[in-house]
Amino acid sequence: VNCPNNSNQIEIPQSFYCPGHAVITMLLQSQSRFAQTAAQRGCSKMMPPSISASSLRSAVPAYGSRPSVSAKSNLADNQALLDKKAIGKAEFVPMEKGKAIMDDIDCVIFDCDGVLWRGFSTIQNSPETLKDLRARGKKLLFVTNNAGKSRKGYVKRFTSVGLDVKADEIVPASYAAAAYLESINFKATGKKALCIANQGTEEELQEHGIPYIGGESWKEPLLDSADKIKDLVIDENIGAVVVGFDGLLTYSRIVYASCCLRELPGCLFVVTNVDPNDNLGQPTKAPFDQKPLRRMMPVTGTMVQSIAHPTGKHPVIAGKGGSWLFPFLMAKYNLNPERTAMVGDRLDTDIVLGAEGGLKTIMPLTGVTTLEELEDAKKVADQPGALPIPDYVINSVATLAGLP
């Protein structure tokens with residue numbers, strides 16, 4: 001791979017490249033910022049010793065290319081995210097004006113948890129909002145970084161909270177990881193994947209016909225000493241390490257995955273997402289000099305870090321927060337970025353995805369990001385390393401249908 005910077009070059013086997021002519025043509029025809037900056041991208045640098053969630057995102061290769069982005073920077077360092085539209089106004093939209101911001105939109109991409117439901121409770125009027133948007137001729141997609149379920153599993157989840165959604169409208173990060181491997185024709189290599197993830201990712205690998213070992217039922221070798229690690233014989237037919245949320249993650253699994261990435265030529269590192277944590281429940285009471293806190297649950301980014309840090313390897317982030325997903329969605333669903341909106345509650349994934357592609361971005365205040373946190377983010381939005389700010393802020397997704 002010819003890189004703009006002669007140092008830290010990365011050699012990628014040609015068989016792992018996906019012909020992206022159709023995607024590139026589609027993007028160049030659009031007026032999105034993604035298309036305007038795509039030609040400027042070259043090759044990513046190697047991972048520095050200290051790896052953060054934001055550096056993992058910034059270092060991810062784009063679909064069909066290797067962007068030249070500093071691993072120490074955030075996506076907001078890209079020129080595409082520094083103009084006013086990408087930074088966003090965070091304009092608050094009242095209920096009576098909510099329907100109007102959808103007038104020039106053909107497709108709405110929704111995050112799920114914190115937008116359509118919280119836990120097992122449906123956000124008020126979210127089913128009615130989806131019905132209203134469909135009645136107005138809008139295409140709907142549901143893109144979530146929760147890789148705990150496959151597309152088929154998510155159909156049951158949607159049904160359980162009263163939402164009528166088809167499997168082909170759902171893009172969980174579990175599906176995205178398998179779709180990435182399919183897009184680069186991984187099966188043609190004759191290799192298998194090592195799955196460090198739970199059932200949702202396993203099911204998607206199976207659905208895409210990708211052979212793998214690992215998963216929830218894997219009985220990995222016990223690697224609890226230097227001698228055992230030294231004597232380990234790894235499966236040389238592993239061509240990719242796929243990491244998602246794994247509540248059964250052990251030191252032995254970390255060792256095995258790390259050895260595959262460091263020792264097997266051309267072994268890919270693919271992750272569902274790098275979300276560092278989820279907030280659980282309502283804010284707790286706090287001392288007078290501290291902000292209220294919610295219980296925090298470490299999630300996939302924690303698992304990714306445990307493997308990325310010792311190996312120094314960049315993962316391909318298949319879900320939100322990475323560079324691959326946006327052009328994949330545009331091509332697969334034949335979307336026009338200028339007439340597509342992203343509705344999500346996280347600045348670091350949902351709004352990044354929308355801002356990266358020049359979509360209209362909308363943040364409901366029913367999920368992870370609070371109004372106070374959004375105001376704090378706005379104060380530094382024009383600084384290098386800052387996250388993009390949404391174009392609009394709404395009380396809940398129901399605002400889009402003019403409902404309370």
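In this text the structure is predicted, and so the values were computed from the model without any measurement.

**Some remarks on unusual backbone geometry**
Here's step 1: We note that Asn125 has phi near 65°; this positive angle belongs to a residue other than glycine.
Here's step 2: Mapped onto the secondary structure, Asn125 falls in the loop between strand E4 (121–122) and helix H5 (126–135).
Here's step 3: Here the phi dihedral of Asn185 falls at roughly 60°; this positive angle occurs in a residue that is not glycine.
Here's step 4: Tracing the sequence through the fold places Asn185 in the loop between helix H7 (173–183) and strand E7 (192–196).

**What to know about the layout of surface pockets**
Here's step 1: Taken as a whole, the largest pocket spans an internal volume of roughly 1,100 Å³.
Here's step 2: If you trace the largest pocket, you find 42 residues lining it, with Asp113, Gly114, Gly119, Asp278 and Asn279 closest to the centre.
Here's step 3: Where the lining of the largest pocket is concerned, the elements lending two or more residues are strand E3 (117–118), helix H6 (151–160), strand E11 (277–280) and helix H13 (347–357).
Here's step 4: Top contributing element to the lining of the largest pocket by residue count: E11, with three residues.
Here's step 5: Residue composition of the lining of the largest pocket, grouped by class: 13 nonpolar, 17 polar and 12 charged.

**Some remarks on the packing of H7 against helix H8 (residues 199–207)**
Here's step 1: Orientation of H7 relative to H8, taken along the N-to-C sense of each, is 35°, at an axis distance of 8 Å. For the crossing formed where H7 meets H8, the hand is right-handed. Two secondary-structure elements touch here, H7 through Ser174, Tyr175, Ala178 and Leu181 and H8 through Gly200, Thr201, Glu204 and Leu205.
Here's step 2: Tallied by class, residues from the contact of H7 with H8 come to four nonpolar, three polar and one charged.

**Section: the sheet that holds strand E6 (residues 170–172)**
Here's step 1: Pairing within the open sheet is parallel, and its seven strands lie in the order E1-E16-E15-E14-E2-E5-E6. Unpaired on one side and paired on the other, strand E1 (91–92) and E6 mark the two borders of the sheet.
Here's step 2: Both E1 and strand E16 (residues 392–394) contribute to a ladder of two bridges, which runs parallel. The residue bridging Glu91 from the neighbouring strand is Tyr392, located in E16.
Here's step 3: Each of strand E2 (107–110) and strand E5 (139–144) touches H5; the most contacted strand, E5, lies at about 140° to it.

**Describing the packing of helix H12 (residues 325–332) against H13**
Here's step 1: Two elements in contact, H12 and H13, have axes separated by 9 Å at closest approach and are oriented at 65°. When the axes of H12 and H13 are compared, the pair comes out roughly perpendicular. Between H12 and H13 lies a crossing of right-handed hand. Touching Leu325, Phe326 and Leu329 of H12 are Leu353, Glu356 and Gly357, all from H13.
Here's step 2: Partitioned by chemical class, the residues of the contact of H12 with H13 number four nonpolar, one polar and one charged.

Calculation criteria
- Residues numbered from 1 in each chain as written.
- Predicted model: local features only at pLDDT ≥ 70, side-chain atom pairs only at ≥ 80, totals over all residues.
- Heavy atoms only, no water.
- Helix = DSSP H or I, 4+ residues; strand = E, 2+ residues; numbered from the N terminus.
- 1 Å grid on protein atoms, 1.4 Å probe; cavity = no way out; pocket = protein on both sides within 12 Å on 5 of 7 lines; lining within 4 Å.
- Points joined across faces, edges and corners; volume = space filled by probe spheres on them.
- Nonpolar A, V, L, I, M, F, W, Y, C, P; charged D, E, K, R; others polar.
- Axes fitted to C-alpha atoms, helices over the stretch in contact; angles between N-to-C directions.
- Left-handed = near helix turned anticlockwise from the far one by under 90°.
- Contact = heavy atoms within 4.5 Å.
- Pairing = 2+ DSSP bridges.
- Parallel < 35°, antiparallel > 145°, perpendicular 65-115°, else oblique.

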